[in-house]
Amino acid sequence: MSADNQQEMTQLFYYTGFCSGELSCSLIKATNPIGKEGSVRYYPDITFSNADKDLLFEVNKVIGNNQGVLSPIKGGYNLKFRGKRKVQLILEFFEKYPPIVGDLTTSKLTLLHESLIILRQRTTRQRSNADQQKLEAIRANLVLLKRNAIPYKRYNQIVNEKNCIGYFLSGVLDAEGSVGIKSNGSTGQPFFAVAMKDKKIIELFHSFFNMGNIHFRSNDGLYHFEIGAKNEVLKALSLFINRYPSRLSKMKTRIAKLHQILNDYTPGSRFNWEMI
């Protein structure tokens, strides 16, 4: 494989990271009309939500072969893949470019994979009671994951190549991150932050940068990683401008503005956080 092809494949981990932050998985149960085959039908469903319509179009093309359905919701858009065939496309992408870490994301994908195995094994007109119970258990576990953010299983980090991790974190940043300047008394405090329920992804940010701090926010159940020192924020911003670039329009603009402000800052001057 050429170096260019290797680089292109490495960059695809960006979409793994972005989707890890925006992923919702469910197994939809629908009752068939009387007289139709079986009593109920199950539809696996993967949905990604974001306000950037163009980026969701890009995600649809890259990971779903343009098979997803994009629809507006309050404040943004849903990109939905429903049914065995479409969900299988997404699972195949994640098999090639798996979440580097993330117990919650991997738990959701694992449960949907298990549901597909059961749904495809059916050889009779009527689903067995045993299979029905397994599918109901999967539905219940997916609901618990969403409600309680407790992983179905624990998973080890499976990719350690630095550039793969960098692109993965760039995608997570676009999905769940924020940068800017916040009020700090009479001055401004720059920040680079990511907040998620998946602790291992937050810990990966900390270990990748070897700076910043992590704390748990009990009010919303999120693990919060933040860098606040000016020089350290600049290093993080430069990384996501030059090496692992952001693809989210709003994030790219905010990163560029903050990077410019911090580079122009001189001791004794005040940050203008209204520019961010």
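Please read all numbers here as calculations on a predicted model, not as lab measurements.

Chemist: Looking at this structure, how should I read the overall build of the protein?
Modeler: When you go through the protein residue by residue, the secondary structure sums to 10 helices and 8 strands. Looking at the protein as a whole, 45% of its 276 residues are labelled buried. Accessible surface computed for the protein: about 14,500 Å², of which carbon and sulfur atoms make up 48%.

Chemist: Looking at this structure, I do not really get the packing of helix 3 (residues 53-64) against helix 4 (residues 84-96). What am I missing?
Modeler: Packed helices, taken two at a time, are described by their axes: the angle between them and the distance between them. With their axes 9 Å apart at the nearest point, helix 3 and helix 4 run at an angle of 80 degrees to one another. The angle between helix 3 and helix 4 places the two elements in the roughly perpendicular class. Touching Val62, Ile63 and Gly64 of helix 3 are Leu89, Ile90 and Phe93, all from helix 4. Here the residues of the contact of helix 3 with helix 4 sort into 5 nonpolar, 1 polar and no charged.

Chemist: Teacher, can you tell me more about helix 6 (residues 129-148) here?
Modeler: Each turn of an α-helix holds 3.6 residues, which means side chains three or four residues apart point in the same direction. Helix length check: helix 6, at 20 residues, gives a terminal C-alpha distance of 28 Å against a target of 28 Å (1.5 Å per residue), a fit within 8%. Turning to helix 6, its buried residues number three or more, namely Asp131, Gln132, Leu135, Ile138, Leu142 and Leu145. For helix 6, the angular spread of buried residues about the axis comes to 145 degrees, placing them on one side. In helix 6, the exposed residues that point more than 90 degrees away from the buried face are Asn129, Gln133 and Arg147. Turning to helix 6, the residues buried within the fold contact strand 1 (23-31), strand 2 (40-50) and helix 5 (103-121). A positive phi of about 55 degrees marks Ala149, the residue just after helix 6.

Chemist: Honestly, the side chain of Ser246 in this entry has me stumped. Any pointers?
Modeler: Positionally, Ser246 belongs in the loop between helix 9 (230-243) and helix 10 (249-264). A distance of 3.4 Å separates a polar atom in the side chain of Ser246 from the backbone nitrogen of Leu248. In this structure Ser246 touches Ser170, Asp174, Phe240, Met251, Lys252 and Ile255, once residues within four positions along its chain are discounted.

Chemist: How should I be thinking about the pairing of strand 4 (residues 76-82) in this particular structure?
Modeler: Across a regular strand the side chains alternate sides, sitting on one face of the sheet and then on the other. Where strand 2 meets strand 4, 6 bridges bridge the pair, whose relative direction is antiparallel. Residue pairing across strands places Ser49 opposite Asn78, the latter belonging to strand 4. Note that strand 3 (residues 69-73) and strand 4 share 5 bridges and pair antiparallel. Paired with Ile73 across the bridge in strand 4 is Gly76.

Chemist: Teacher, can you tell me more about the sheet that holds strand 1 here?
Modeler: Adjacent strands of a sheet form backbone hydrogen bonds with each other and so pair up, either parallel or antiparallel. Ordered by their spatial adjacency, 4 strands build an open sheet running 1-2-4-3, and the pairing between neighbours is antiparallel. A single partner strand is all that each edge strand has here, and the edge strands are strand 1 and strand 3. Strand-to-strand twist across the sheet, computed as the mean angle between neighbouring axes with direction ignored, equals 30 degrees. The strands touched by helix 4 are strand 2, strand 3 and strand 4; relative to strand 2, the strand with the most contacts, the crossing angle is about 50 degrees. The strands that helix 5 touches are strand 1 and strand 2; relative to strand 2, the one it contacts most, it runs at about 150 degrees.

Chemist: Explain the sheet that holds strand 5 (residues 177-184) here, please?
Modeler: The strand order across the open sheet formed by 4 strands is 5-6-8-7, and the pairing between neighbours is antiparallel. In this open sheet, the two edge strands, each paired with only one partner strand, are strand 5 and strand 7 (213-217). Mean inter-strand twist for the sheet, computed between neighbouring axes without regard to direction, equals 35 degrees. Relative to strand 6 (residues 187-196), strand 5 is paired through 8 bridges, and the arrangement is antiparallel. Among the inter-strand pairings, Gly180 is bridged to a residue of strand 6, identified as Phe191. In this fold helix 9 packs onto strand 5, strand 6 and strand 8 (222-227), with an angle of close to 50 degrees to the strand it touches most, strand 6. In the packing of helix 10 onto the sheet, the strands contacted are strand 5 and strand 6, and the crossing angle to strand 5 comes to about 45 degrees.

Chemist: Can you walk me through the pattern of salt bridges in this structure?
Modeler: Here the idea is simple: oppositely charged side chains can pair when their charged atoms come close. Under the defined criterion, the tally for this structure stands at 10 salt bridges. When the shortest N-O distance is used, the salt bridge between Asp45 and Lys80 registers 3.6 Å. Separated by 35 residues along the polypeptide, Asp45 in strand 2 and Lys80 in strand 4 bring together distant segments of the chain. For Asp45, a relative accessible area of 2% gives the class buried. The class of Lys80 is partly exposed, set by a relative accessible area of 24%. The residue Lys182 makes a salt bridge to Glu226 at a minimum N-O spacing of 2.7 Å. Here Lys182, found in strand 5, pairs with Glu226, found in strand 8; they are 44 residues apart in sequence, far enough to count as distant. Owing to a relative accessible area of 18%, Glu226 belongs among the buried residues under this scheme. Among the charged side chains, a salt-bridge network with shared partners connects Lys29, Glu136 and Arg139.

Conventions adopted
- Residues numbered from 1 in each chain as written.
- Predicted model: local features only at pLDDT ≥ 70, side-chain atom pairs only at ≥ 80, totals over all residues.
- Heavy atoms only, no water.
- Helix = DSSP H or I, 4+ residues; strand = E, 2+ residues; numbered from the N terminus.
- Buried < 20%, exposed > 50% of the residue type's maximum accessible area, 1.4 Å probe, protein only.
- Areas by Shrake-Rupley, 256 points an atom, 1.4 Å probe, with all protein chains shown as cover.
- Axes fitted to C-alpha atoms, helices over the stretch in contact; angles between N-to-C directions.
- Parallel < 35°, antiparallel > 145°, perpendicular 65-115°, else oblique.
- Contact = heavy atoms within 4.5 Å.
- Nonpolar A, V, L, I, M, F, W, Y, C, P; charged D, E, K, R; others polar.
- Expected span 1.5 Å × (residues − 1).
- Arc of directions from axis to C-beta.
- Polar contact = N/O pair within 3.5 Å; in protein donor to acceptor, adjacent residues only side chain to side chain.
- Pairing = 2+ DSSP bridges.
- Salt bridge = Lys/Arg side-chain N within 4 Å of Asp/Glu carboxyl O.

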